Amino acid sequence: ELWGTKRIFQMIQQNGGLNNLPREALLSGIRWEVNSHLQYWQRFNSHTTIVPFLPFQQDDLSLIVQRWFQELSNNHQGIRWARLDMSTSAIEFIVGADQVDYLDLYNDGHLQPTKARDGDESHQLLSKQVLTFSTNGAHALYQNALYIALKSKLQSSDTRRRPFNVAFLDIDQDTLDYYLSWCDPTHTVLNECETSSQHWRLPLSFS
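Residues numbered from 1 in each chain as written. Predicted model: local features only at pLDDT ≥ 70, side-chain atom pairs only at ≥ 80, totals over all residues. Heavy atoms only, no water.

Caption draft 1: Molecular detail of the sheet that holds strand β4 (residues 129–134). Strands sit in the order β3-β2-β4 across an open sheet of three strands; the sheet is antiparallel. With one partner strand each, in any of the chains shown, β3 (111–113) and β4 form the two edges of the open sheet. In this sheet, neighbouring strand axes are inclined to one another by 25 degrees on average, regardless of whether the strands run parallel or antiparallel. (Pairing = 2+ DSSP bridges. Helix = DSSP H or I, 4+ residues; strand = E, 2+ residues; numbered from the N terminus. Axes fitted to C-alpha atoms, helices over the stretch in contact; angles between N-to-C directions.)

What follows is the structure, encoded as structure tokens:
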């Protein structure tokens, strides 16, 4: 168990979600819970900082993914492409329920896998859902199929190098084909990009 999580989830339940969490009461509760494990704060030296954080929701994971791909774009800028852009569907695929395990938290403390939500609506009729969060936090992204596959392709000699064009990354979520379309740096819509895109299929072991 991670220290402080019990208090965090209790307050999320009591306040009906994240929006109305009382900051000072939350931090005070976390301090008490951590202190109960450590007995005394003095066991840490004066340079140690404990940073509590809330459970990662899908929007949080989307921001992390965008930051990763921005770093990938910067690392290959002027070599593979002028920059790398991503479609909304590619981001949604990476953080979607097929790739990441999520849990629904209800105001009575009940936890239910998000994937089971459509098949079992009995609990939803009795309680209010207050939070959906990633079971494994950002760790769920480390083995992401699309990110790994693209990095692998960038090491391949058959991947085009167009340092003056924008590479636009997209995915067909039905076939698991992903595409790099090449665009003029001033493009605003995908229709303005080259129609003959490079495309690959994600390895079956990733799907």
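Caption draft 2: A look at the pattern of salt bridges. The final tally for this structure, using the stated rule, is three salt bridges. Between Arg 83 and Asp 85 there is a salt bridge; the shortest N-O distance is 3.0 Å. Judged by relative accessible area, which is 32%, Arg 83 ranks as partly exposed. Note that Lys 115 is salt-bridged to Asp 101, the shortest N-O span being 3.8 Å. With Lys 115 in the loop between β3 and α5 (122–126) and Asp 101 in the loop between α4 (88–95) and β2 (102–106), the pair connects residues that are 14 residues apart, well separated along the chain. Relative accessible area serves as the criterion here: at 44%, Asp 101 is assigned to the partly exposed category. (Salt bridge = Lys/Arg side-chain N within 4 Å of Asp/Glu carboxyl O. Buried < 20%, exposed > 50% of the residue type's maximum accessible area, 1.4 Å probe, protein only.)

Caption draft 3: Summary view of helix α3 (residues 58–75). Over its 18 residues, α3 extends 26 Å from the first C-alpha to the last, a length consistent with the 26 Å expected when each residue adds 1.5 Å. Taken as a whole, α3 has its buried residues at Leu 61, Ser 62, Ile 64, Val 65, Trp 68, Phe 69, Leu 72 and Ser 73. Summarising the contacts, the buried residues of α3 are in contact with β1 (83–86), α4, β2, β4, α6 (145–154) and β5 (166–172). (Expected span 1.5 Å × (residues − 1). Contact = heavy atoms within 4.5 Å.)

Caption draft 4: Structural context of the pairing of β5. Burial runs high along β5: five of the seven residues are buried. Direction of pairing for β1 relative to β5: parallel, over a ladder of four bridges. The residue bridging Leu 84 from the neighbouring strand is Ala 167, located in β5. Of the strand pairs in this sheet, β5 and strand β6 (residues 177–183) are connected by seven bridges, and their pairing is antiparallel. When the sheet's bridge partners are listed, Leu 169 is paired in β6 with Leu 180. Between β5 and β6, which follow one another and run antiparallel, lie four residues, and Leu 176 among them has a positive phi close to 65 degrees.

Function-wise, these values are silent; they only describe arrangement.
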